[in-house]
Amino acid sequence: MSPSVCLQEMIRVIRGARTQGEERGVIQRECAAIRAQFRQADSGGRSHNLAKLLYVHMLGYPAHFGQMECVRLIASSKYSEKRIGYLGAMMLLDEKQDASLLITNSIKNDLSHSSQHVQSLALCTLACMGSAEMCRDLAPEIERLLKASNSYIKKKAALCAVHIVRKIPELGEMFTPSAHSLLSEKNHGVLHGAVILITELCERNPDNLKQFRKSVPELVQIMKNLVTSGYSPEHNVAGISDPFLQVRILRLLRILGRNNDAASDAMNDLLAQVATNTDSSKTAGSAVLYETVLTIMDIRSESGLRVLAVNILGRFLLNNDRNIRYISMTSLQKIVQTDHTAVQRHRGTIVDCLKDQDASVKRRALELSLALVSAANIRSMMKELLLFLSTCPPELRSHAASGIFNAAGGDVRDETVPNLIQLITAASELHCYTVHKLYRALISDIVQQSLVQVACWCIGEYGDLLLKGECEEITPMQVTEDDVLDALETVLQSHMSTPTSRGFALTAIMKLSTRITNNVDRIRSVVSIYGSCIDVELQQRAVEYNALFKKYDHMRYFTMSYCTVILEFGCRSRLSLVLGY
């Protein structure tokens with residue numbers, strides 16, 4: 001192949017190569033010819049050769065030797081050479097290379113060029129690969145172009161300002177006034193750039209939120225115009241007027257309305273209008289509706305509007321597109337705790353998604369189904385989940401089984417607690433590990449009352465092992481006597497504790513009186529307080545334990561080792577029989 005062939009001929013020869021080795025040979029010969037022509041002092045074919053080199057770069061072959069040629073072409077006065085030079089800079093240069101600094105002055109000059117096309121090339125290059133140093137030097141020029149009369153330039157300047165704000169957030173203040181004024185533009189491209197710029201300014205610096213919240217009515221009006229406007233072939237996508245701009249505005253409204261009542265109230269009517277009137281049969285409409293749902297759920301919206309958003313996600317579950325079903329369940333998973341009743345209305349559709357062939361959809365459906373289990377539907381939901389467990393893929397089986405088990409919550413049979421205690425007692429080598437794990441579970445959550453009872457029993461029985469802090473199976477945890485007593489007193493005082501759990505906690509505290517030395521007076525005080533408890537069972541235990549402290553203190557160690565077992569396993573015999581009452 002001759003070194004002087006045109007780009008089209010080189011592409012034809014490369015595509016005609018039968019093997020990868022033949023392709024490499026063609027490219028090596030062409031690159032050698034390009035390198036030789038680059039070394040010539042004055043070559044009229046520089047842009048031609050650089051264009052061929054960029055194609056070689058797109059195929060994944062080294063093309064770094066063309067970087068300096070990009071710098072030379074950018075400095076050229078010819079538009080055709082500048083265009084290839086700037087394209088090469090965006091492809092071959094990045095901010096980590098010193099060669100990128102050499103084009104800073106050329107970009108600055110071209111930003112003031114009389115041709116909008118040359119200005120556009122400079123703006124695109126700066127927005128693509130501008131380093132922090134370049135952005136700092138050229139930011140005033142970008143701020144000037146944001147006020148230009150040419151919409152084509154303002155659109156690209158806005159996107160360039162976005163890049164600068166991402167690189168140097170503190171320069172955002174420079175663009176704030178211009179960003180406000182751009183919202184009054186009629187050009188869709190300028191509006192799009194302005195919304196992206198304002199979004200970036202608000203995300204990078206929360207202090208800007210207060211200032212831009214004043215623009216919410218203006219953004220709402222722009223959005224209403226898009227929703228109610230007639231057919232516009234220039235901006236229409238599948239019957240939706242400029243869905244890209246709609247999505248950007250909704251995203252900005254979500255940021256501005258978050259945790260702010262006034263801003264949220266200003267956009268409620270608009271969100272209801274978009275949610276009601278947007279056609280979801282096309283992908284563009286689904287994208288707008290999805291952003292609408294996210295905005296409704298993230299701001300302080302009305303309850304009726306939130307129900308409408310959940311219903312939209314419910315409709316998405318019926319969509320044939322698996323991607324839409326997946327994102328719908330992902331969104332429902334995030335709001336199921338706050339809008340549980342609204343999500344429950346779509347339980348049947350969610351359960352049907354367990355039969356989907358796609359593994360990721362099945363996993364999301366399983367997680368959401370488990371989150372929907374409640375006391376009212378546990379029988380029907382367990383039936384569906386057990387059926388799924390028998391047919392689900394192996395990679396989901398363990399997740400499904402543990403989820404079904406956890407869904408039962410604290411609703412376990414009465415004999416479960418003594419049976420588990422018996423198992424723990426028999427496994428002497430696991431006493432240290434068990435008491436440490438149960439103590440950690442107790443201080444983090446006391447909702448599961450059956451687990452609380454077992455934890456209290458273990459702490460009372462093996463509290464000395466807990467205080468030593470020596471356990472090889474888990475990470476050591478330094479626990480003091482006060483820490484243990486605080487945890488047990490929390491169980492005694494919590495409104496979530498059942499009378500049975502309080503009995504376990506009081507007995508555990510009494511047991512600890514024989515295993516610790518520095519807090520016996522504190523234990524005596526706690527026990528005496530519950531001697532007048534309104535709960536008869538707890539009162540009787542406290543009275544009997546008080547008697548141990550006062551009359552039978554010399555028998556306390558023996559008595560607690562023998563009699564508390566009787567008390568905890570529900571035997572009718574009372575400590576009073578031992579004490580002679």
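Owing to the predicted nature of the structure, the values given are computational and were not obtained by experimental measurement.

Asker: Even after reading the chapter, I still don't get the overall build of the chain, so can you show me in this structure?
Answerer: Looking only at helices and strands, one finds 32 helices and two strands in the chain. Computed over its C-alpha atoms, the radius of gyration of the chain comes to 36 Å, more than 25% above the 25 Å expected for a compact globule of 581 residues. Along the three orthogonal principal directions, the C-alpha set of the chain runs to about 115 × 55 × 50 Å. For the chain, with 581 residues in total, the buried portion stands at 49%. Once local pairs closer than 6 in sequence are excluded, the contacts in the chain between residues at least 24 apart make up 66%. Accessible surface computed for the chain: about 28800 Å², of which carbon and sulfur atoms make up 51%. Between the centroid of the 64 positive side chains of the chain and the centroid of its 60 negative side chains there is a distance of 5 Å.

Asker: So what exactly am I meant to see when it comes to the packing of aromatic side chains here?
Answerer: Given two aromatic rings, their pairing is described by the distance between the two centres and the angle made by the two planes. Overall, the coordinates contain two aromatic pairs when judged by the stated rule. Aromatic side chains Phe38 and Phe65 sit 6.4 Å apart centroid to centroid with 55° between the ring planes, which places their arrangement in the tilted category. With Phe38 in helix α2 (residues 20-38) and Phe65 in the loop between α3 (46-58) and α4 (67-74), this pair connects stretches of sequence that are 27 residues apart. Of the two residues, Phe38 and Phe65, both sit in the buried class.

Asker: What is the right way to look at the pattern of salt bridges in this model?
Answerer: For the coordinates displayed, the defined rule picks out 25 salt bridges. As a salt-bridge pair, Arg258 and Asp298 come within 2.7 Å of each other at their nearest N and O atoms. Here Arg258, found in the loop between α14 (243-257) and α15 (261-277), pairs with Asp298, found in helix α16 (residues 283-298); they are 40 residues apart in sequence, far enough to count as distant. Given a relative accessible area of 33%, Arg258 falls into the partly exposed group. The salt bridge partner of Arg522 is Asp482, with a shortest N-O separation of 3.0 Å. A residue pair is termed long-range when its members are at least 10 positions apart, and Arg522 in helix α29 (residues 520-529) and Asp482 in helix α27 (residues 481-493) qualify at 40 residues. Residue classification places Asp482 among the partly exposed positions, given a relative accessible area of 36%. One continuous salt-bridge network, built from bridges that share partners, spans Asp482, Asp486, Glu489 and Arg522.

Asker: Before we go on, may I ask you to explain the side chain of Lys362 in this structure?
Answerer: As for its placement among the helices and strands, Lys362 is situated in helix α21 (residues 359-371). Lacking a salt bridge, the buried Lys362 has Asp356 as its closest oppositely charged neighbour, with an N-O distance of 7.5 Å. Excluding its chain neighbours within four sequence positions, the residues that come into contact with Lys362 are Cys353, Leu354, Lys355, Asp356, Phe388, Pro393 and Leu396.

Asker: I would appreciate a short explanation of helix α5 (residues 79-92) in the present structure.
Answerer: Each full turn of the α-helix corresponds to 3.6 residues, which orients residues three or four apart in the same direction. With 14 residues, α5 extends 19 Å between its outermost C-alpha atoms, agreeing within 8% with the 20 Å of an ideal straight helix rising 1.5 Å per residue. Buried-residue contacts for α5 involve α3, α4, α6 (104-111) and α7 (116-129).

Asker: How do you make sense of the nonpolar core when you look at a structure like this?
Answerer: Side chains that are nonpolar tend, in soluble globular proteins, to be buried together. Formed by 108 residues in total, the largest nonpolar core has its most connected members in Ile142, Phe175, Ile249 and Leu332. A per-element tally of this core places helix α11 (residues 188-204) first, with nine residues. Ignoring sequence-local partners within four residues, the contact set of Phe175 consists of Ala139, Ile142, Glu143, Leu146, Ala161, Ile164, Val165 and Leu197. Formed by 43 residues, the second largest nonpolar core is a distinct cluster that contains Ile446, Val454, Val491 and Phe504.

Asker: Can you help me understand unusual backbone geometry in this one?
Answerer: Glycine aside, negative phi is the norm for most residues, and most peptide bonds take the trans geometry. Unlike most non-glycine residues, Ala238 shows phi in positive territory, near 55°. One can find Ala238 in the loop between β1 (236-237) and β2 (240-241). The residue Asn259 is not glycine, and still its phi comes out positive at about 60°. Tracing the backbone through its elements, the reader meets Asn259 in the loop between α14 and α15. Look at Asn259 and you get exposed, because its relative accessible area is 58%.

Asker: Would you mind showing me how to read the environment of Thr475 here?
Answerer: As for its position among the elements, Thr475 is in the loop between α26 (449-468) and α27. Thr475 sits 45 residues away from Leu430 along the chain, and the two C-alpha atoms are 15 Å apart.

Asker: Would you mind going over α15 with me for this structure?
Answerer: Between its first and last C-alpha, α15 extends 25 Å over 17 residues, near the 24 Å set by a 1.5 Å rise per residue. Along α15, the sharpest change in direction is near 40° and occurs at Met267. All buried positions along α15 are accounted for by Ala263, Ser264, Met267, Asn268, Leu270, Leu271, Val274 and Ala275. In this structure, the buried residues of α15 make contact with α13 (216-228), α14, α16 and α17 (303-316). Sitting at the head of α15, Asn260 places a side-chain oxygen 3.3 Å from the backbone nitrogen of Ala262.

Asker: Got a minute to help me understand the packing of α14 against α16 in this structure?
Answerer: The description of two helices packed together rests on the angle between their axes and the distance between the axes. In the contact formed by α14 and α16, the axes pass within 9 Å of each other and the chain directions differ by 5°. One element, α14, and the other, α16, form an angle in the roughly parallel class. For the pair formed by α14 and α16, the contact residues are Pro243, Gln246, Val247, Leu250, Arg251, Leu253 and Arg254 on the first element and Ala284, Ala287, Val288, Glu291, Thr292, Leu294, Thr295 and Asp298 on the second. Its residues placed into classes, the contact of α14 with α16 shows eight nonpolar, three polar and four charged.

Procedures and definitions
- Residues numbered from 1 in each chain as written.
- Predicted model: local features only at pLDDT ≥ 70, side-chain atom pairs only at ≥ 80, totals over all residues.
- Heavy atoms only, no water.
- Helix = DSSP H or I, 4+ residues; strand = E, 2+ residues; numbered from the N terminus.
- Rg over C-alpha atoms; globule rule 2.2 N^0.38 Å.
- Buried < 20%, exposed > 50% of the residue type's maximum accessible area, 1.4 Å probe, protein only.
- Contact = heavy atoms within 4.5 Å.
- Areas by Shrake-Rupley, 256 points an atom, 1.4 Å probe, with all protein chains shown as cover.
- Lys, Arg positive; Asp, Glu negative; His and termini not counted.
- Charge placed at Lys NZ, Arg CZ, Asp CG, Glu CD.
- Phe/Tyr/Trp six-rings, centres within 6.5 Å; stacked < 30°, edge-to-face > 60°.
- Salt bridge = Lys/Arg side-chain N within 4 Å of Asp/Glu carboxyl O.
- Expected span 1.5 Å × (residues − 1).
- Core = buried A, V, L, I, M, F, W, Y, C linked by side-chain atoms within 4.5 Å.
- Bend = angle between axes of the 7 residues up to and from the residue.
- Polar contact = N/O pair within 3.5 Å; in protein donor to acceptor, adjacent residues only side chain to side chain.
- Axes fitted to C-alpha atoms, helices over the stretch in contact; angles between N-to-C directions.
- Parallel < 35°, antiparallel > 145°, perpendicular 65-115°, else oblique.
- Nonpolar A, V, L, I, M, F, W, Y, C, P; charged D, E, K, R; others polar.

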